Amino acid sequence: MGDPLPRDMTVDEFLVWQLDQDERFELVDGRPVPLRAMTGASNVHDVVTTNLLGLLWAALRGKPCRVATADTALRTKISSARRPDVTIDCASPERTSYEARHPVAVFEVLSPSTRKIDRFTKLEEYRRHPALRHIVLIDPDAVSAKHYHRSAGGEWADEDLNDPDAAIALERPPIRLNRADALSSWFIAFSFAKPVPTFAENALEAAGIRLRLGDLYERVEIPR
């Protein structure tokens, strides 16, 4: 048997410890949890995620904000760090940083083993994050997405989307996701909270990013 996993770690301690590990972990209430314990994602999950990454990369190319994979950690509590499937971070990348420093949006693509965690536990952690303003969850088993968005006053609202042609409108950044595109990634988790740096908001607003949901389904057979 391998060495027991450490307990009662801070996020800073966790990020240093993670560097010497052969697999990726999340930190949950001070305890590292291997991502392999949250497996169950199919090829469709992977296709949807890569479609989303590609679309966001193209939309953000040349802009101050960038798209990040699950290699980038997101602090959600003093002793917890998650790894969203996709994150938009408005901080410049640093060689010595392994976390999102100015996250404005997160995306999660649902899978059987993580559905409950993503829809309840992670969702509440994301909603409490001081920088996130949008959370979008995309269901890979149906043309369905849930969009959570926070107003300038800090109140959260949500919207159910069930039409392939529906659009997910994202403010700060003003990204327009067509429902079909989001479902191409099959699950979007988007969250914005307290204002990100003004330069980031202005740059993203000027970019006028729009993503069509249908594009997220490229190479994916949409369930009927």
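On a predicted model such as this, the values are computed, not experimentally measured, just so you know.

Cut-off values and rules
- Residues numbered from 1 in each chain as written.
- Predicted model: local features only at pLDDT ≥ 70, side-chain atom pairs only at ≥ 80, totals over all residues.
- Heavy atoms only, no water.
- Helix = DSSP H or I, 4+ residues; strand = E, 2+ residues; numbered from the N terminus.
- Buried < 20%, exposed > 50% of the residue type's maximum accessible area, 1.4 Å probe, protein only.
- Contact = heavy atoms within 4.5 Å.
- Areas by Shrake-Rupley, 256 points an atom, 1.4 Å probe, with all protein chains shown as cover.
- Pairing = 2+ DSSP bridges.
- Expected span 1.5 Å × (residues − 1).
- Disulfide = S-S within 2.5 Å.
- Salt bridge = Lys/Arg side-chain N within 4 Å of Asp/Glu carboxyl O.
- Core = buried A, V, L, I, M, F, W, Y, C linked by side-chain atoms within 4.5 Å.

Draft legend 1. Representation of the overall build of the chain within the structure. Per the secondary structure count, the chain includes five helices and 15 strands. By the burial criterion, 50% of the 224 residues in the chain qualify as buried. Counting contacts in the chain only where the partners sit at least 6 residues apart, residues at least 24 apart contribute 64% of the total. For the chain, the computed accessible surface area is about 11,100 Å², with 48% contributed by carbon and sulfur atoms.

Draft legend 2. Representation of the pairing of strand E2 (residues 31-34) in the model. Burial of the side chains of E2 is restricted to one face: Pro32 and Pro34 are buried, whereas none of Arg31 and Val33 on the reverse face is. Sheet analysis places strand E1 (residues 25-28) next to E2, joined by four bridges and oriented antiparallel. By the bridge assignment for E2, valine 28 is matched with arginine 31.

Draft legend 3. Here's a closer look at helix H2 (residues 43-60). Relative to the 26 Å expected for 18 residues at 1.5 Å per residue, H2 spans 26 Å between its end C-alpha atoms, a close match to the ideal helical length. Residues of H2 that are buried: His45, Val48, Thr49, Asn51, Leu52, Leu53, Leu56, Ala59 and Leu60. Backbone geometry just downstream of H2 places glycine 62 in the positive-phi region, at approximately 80°.

Draft legend 4. How the structure looks around the state of the cysteines. Scanning all chains against the criterion turns up one disulfide. The disulfide partner of cysteine 65 is cysteine 90, and the gap between their sulfur atoms is 1.9 Å. The S-S bond linking cysteine 65 to cysteine 90 shows a torsion near 100°; that makes this disulfide right-handed. Separated by 25 residues along the polypeptide, cysteine 65 in the loop between H2 and strand E3 (66-68) and cysteine 90 in the loop between strand E6 (86-89) and strand E7 (103-109) bring together distant segments of the chain. Taking the relative accessible area as the measure of exposure, cysteine 65 reaches 1% and is therefore buried.

Draft legend 5. Broad picture of the pattern of salt bridges. For the structure on display, the rule yields 15 salt bridges. One continuous salt-bridge network, built from bridges that share partners, spans Glu26, Arg82, Glu108, Asp118, Lys122 and Glu125.

Draft legend 6. Here's a closer look at the nonpolar core. Ranked by size, the top nonpolar core spans 16 residues in total, and within it Leu52, Leu56, Val67, Val86, Ile88 and Phe107 carry the most contacts. Among the elements that make up this core, the one with the highest residue count is H2 (four residues). If you look at the next biggest cluster of nonpolar residues, it comprises ten residues, including Leu74, Val106, Leu123 and Tyr148.

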